[in-house]
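# Survey of secondary and tertiary structure
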Amino acid sequence: MENKDHNQNHQSEDLPQVLLLKPTPVMAVLGEHQFSSNKYQFLKAWESPLPLYQFLTKYANSIQAILCSGAAPVTDDLLQLLPSVRLVVAASAGTNHIDLMACCRRGISVTNAGNVFSDDGADAAVGLLFDILRKISAADRYVRQGLWVKKGDYALGSKLGGKRIGIVGLGGIGLQVAKRLEAFGCIISYNSRKKKTFVSYPFYSNICELAADSDALIICCALTDQTRHMINKEVLSALGKEGFIVNIGRGAIIDEKELVRCLVEGEIAGAGLDVFEKEPDIPKQLLELENVVLSPHKAVFTPESFLALSELVVGNLEAFFSNLPLLSPVMDE
Ligand SMILES: O=CC(=O)O
């Protein structure tokens, strides 16, 4: 039986080593030729016959960078094993799978998807909002099931223009959501870690107050210790029976149990959800609700955004190994 570590390539021994723990979708776009480039040695842990720990130990003192996605967390324990790592490149906007404190403590730089996902993420958020307000997916099911013929006209949806929209997280994606929804005639307010001086939208430091003053909340912020379950029972009840929620951030920003209860009991009007607490498992009750639109965590992914991401990933590696400023560093705030 062949027991060869395909990562072993004598010609590439002197190249900077970049570890990949699991395949990341960006690989499909970058193509295999990039991953056997003559600039870096990409070490793909899953291709090695060695158990992971042994594989990591073998390359422990030479791996200088990690290219990662949410599928494989970068923990303090992992970094402890790899003392030569100086850069973590996240092929995602969110960095909740990376122990940022540990990176900071160890002097490791971190990059993410920067703004390459902002347009597609914002398009998806607006699409989900449109869908739940105008009942597009629900009406589609109605027609397909032959209910238009049997039962007559479908219930009316609600107009997007004029709605008060509370954006939670006014980063790259949140700003693009605001821009799009302003064009539809919506009234924008936001909550963020800090008030942004470059926008004139009303800032709410209190998320409950934002919810109470909004017809819909759109969650675009990062998942951190501060934002985990930030959208809780209190916030949902402030949003109220007529209120909608869209989440393209991370599932755990919302207390999902509470969200499901509010949807089932009619305490909020509807939800458009791209992300969930235990993906890809989702609470079964959501499948039965007509006022919920579900999407399999793909808001920011298009072939175009992947292409832009792959260029950014390569750009960050090149910058790092040429001692130039990183293109999309994750800043400490
Ligand atoms: O969810 C997608 C991302 O964080 O890039």
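Computed from a prediction, not measured in an experiment: that's the story for all the values here.

## A look at the overall build of the protein
- Helix and strand content of the protein: 13 helices and 11 strands.
- Against the 2.2 N^0.38 benchmark of 20 Å for 333 residues, the protein shows a C-alpha radius of gyration of 22 Å, consistent with a compact globule.
- Considered along the principal axes of its C-alpha atoms, the protein spans approximately 70 × 50 × 30 Å.
- Expressed as a percentage of its 333 residues, the buried residues of the protein come to 49%.

## Concerning the site of the ligand
- Taken together, the neighbourhood of the ligand is formed by Ser92, Ala93, Gly94, Phe117, Arg250, His297 and Val300.
- Here Gly94 contributes a backbone N or O atom positioned 2.8 Å from an oxygen atom of the ligand.
- Between the ligand and the protein, one listed contact pairs an oxygen atom with a side-chain N or O atom of His297 at 2.6 Å.
- Within the complex, the protein chains bury 93% of what would otherwise be the 200 Å² of accessible surface of the ligand.
- Classifying every residue of the shell around the ligand by side-chain character gives 3 nonpolar, 3 polar and 1 charged.

## Here we look at the UniProt feature "domain: D-isomer specific 2-hydroxyacid dehydrogenase catalytic" (unreviewed entry) in the protein
- Residues annotated in UniProt with the feature "domain: D-isomer specific 2-hydroxyacid dehydrogenase catalytic" (unreviewed entry) correspond here to residues 57–330.
- Strand forms 14% of residues 57–330 and helix 38%; the C-alpha atoms that close the span are 28 Å apart.

## Some details on the packing of aromatic side chains
- Under the counting rule described, the total for this entry stands at 9 aromatic pairs.
- With a centroid separation of 5.6 Å and 40° between ring planes, the pair formed by Tyr40 and Phe321 is classed as tilted. Taken together, the positions of Tyr40 in the loop between helix H1 (25–35) and strand E2 (41–44) and Phe321 in helix H13 (residues 303–321) put the pair 281 residues apart, joining distant regions of the chain.
- Overall, Phe321 belongs to the partly exposed group, its relative accessible area being 24%.
- Taken together, the ring pairs connect Tyr40, Phe42, Phe320 and Phe321 into an aromatic cluster.

## Structural notes on the UniProt feature "domain: D-isomer specific 2-hydroxyacid dehydrogenase NAD-binding" (unreviewed entry) in the protein
- The sites that carry the UniProt feature "domain: D-isomer specific 2-hydroxyacid dehydrogenase NAD-binding" (unreviewed entry) are, in the present numbering, residues 126–299.
- The distance separating the terminal C-alpha atoms of residues 126–299 is 10 Å; by composition the span is 35% helix and 14% strand.

## Overview of the pattern of salt bridges
- Here the structure, examined in full by the defined rule, presents 12 salt bridges.
- Of the charged contacts in the structure, one is a salt bridge between Asp119 and Arg180, with a shortest N-O distance of 3.1 Å. With Asp119 in helix H5 (residues 118–134) and Arg180 in helix H8 (residues 172–183), the pair connects residues that are 61 residues apart, well separated along the chain.
- Salt bridges sharing partners connect three or more residues here, namely Glu258, Arg261, Glu265 and Glu267.

## What to know about the sheet that holds strand E8 (residues 216–219)
- Strand order in the open sheet formed by 6 strands is E7-E6-E8-E9-E10-E11, with parallel pairing between adjacent strands. Where the open sheet ends on each side, the last strands, each with one partner, are strand E7 (187–191) and strand E11 (292–294). Across this sheet, the average inter-strand angle for adjacent strands is 15°, counted without regard to direction.
- Contacting strand E6 (164–168), E8, strand E9 (244–247), strand E10 (270–273) and E11, H5 crosses the sheet at an angle of about 150° to E9.

## Observations regarding the nonpolar core
- Judged by nonpolar contacts, the single largest core of 48 residues is most densely connected at Leu129, Ile165, Ile167, Val177, Leu181, Ile218 and Leu317.
- The element best represented in this core is H5, accounting for 7 residues.
- Looking at this core, you find at least three residues from each of domain 1 (2–116 + 303–327) and domain 2 (118–294).
- Ignoring any residue separated from it by four or fewer positions in sequence, one finds Ile167 in contact with Gly174, Val177, Ala178, Ile188, Ser189, Tyr190, Asn191, Leu210, Ile218 and Cys220.
- Ranked by size, the runner-up nonpolar core spans 30 residues in total, among them Val168, Leu217, Leu236 and Val292.

## A short note on the domain arrangement of the protein
- Under the domain assignment, the protein is made up of domain 1 (2–116 + 303–327) and domain 2 (118–294).
- The partner domain 2 presents 5 residues to the 5 residues of domain 1 that form the contact.
- Interface area lost by domain 1 to domain 2 is led by Asn96, Asn115 and Ser305, which between them contribute 70%.
- Our enumeration of links across domain 1 and domain 2 arrives at 2 residue pairs in polar contact (both at pLDDT 80 or more).
- Class assignment of the residues belonging to the side of domain 1 that touches domain 2 gives a composition of 1 nonpolar, 4 polar and no charged.

## A word on the packing of H5 against H8
- Closest axis-to-axis distance for the H5/H8 pair is 8 Å, and the angle between their directions is 50°. By the angle between their axes, H5 is oblique relative to H8. Seen from above, H5 lies across H8 with right-handed handedness. Residues Ser118, Asp119, Gly121, Ala122, Asp123, Ala125, Val126 and Leu129 of H5 pack against Gly172, Ile173, Gln176, Val177, Arg180 and Leu181 of H8.
- Its residues placed into classes, the contact of H5 with H8 shows 7 nonpolar, 4 polar and 3 charged.

Here is what the cut-offs are and how they apply
Residues numbered from 1 in each chain as written. Predicted model: local features only at pLDDT ≥ 70, side-chain atom pairs only at ≥ 80, totals over all residues. Heavy atoms only, no water. Helix = DSSP H or I, 4+ residues; strand = E, 2+ residues; numbered from the N terminus. Rg over C-alpha atoms; globule rule 2.2 N^0.38 Å. Buried < 20%, exposed > 50% of the residue type's maximum accessible area, 1.4 Å probe, protein only. Near = heavy atom within 4 Å. Polar contact = N/O pair within 3.5 Å; in protein donor to acceptor, adjacent residues only side chain to side chain. Areas by Shrake-Rupley, 256 points an atom, 1.4 Å probe, with all protein chains shown as cover. Nonpolar A, V, L, I, M, F, W, Y, C, P; charged D, E, K, R; others polar. UniProt positions renumbered as here; feature names shortened; annotations may be inferred. Phe/Tyr/Trp six-rings, centres within 6.5 Å; stacked < 30°, edge-to-face > 60°. Salt bridge = Lys/Arg side-chain N within 4 Å of Asp/Glu carboxyl O. Pairing = 2+ DSSP bridges. Axes fitted to C-alpha atoms, helices over the stretch in contact; angles between N-to-C directions. Contact = heavy atoms within 4.5 Å. Core = buried A, V, L, I, M, F, W, Y, C linked by side-chain atoms within 4.5 Å. Domains from an automatic or database assignment. Buried area = accessible area lost by both parts, 1.4 Å probe. Parallel < 35°, antiparallel > 145°, perpendicular 65-115°, else oblique. Left-handed = near helix turned anticlockwise from the far one by under 90°.

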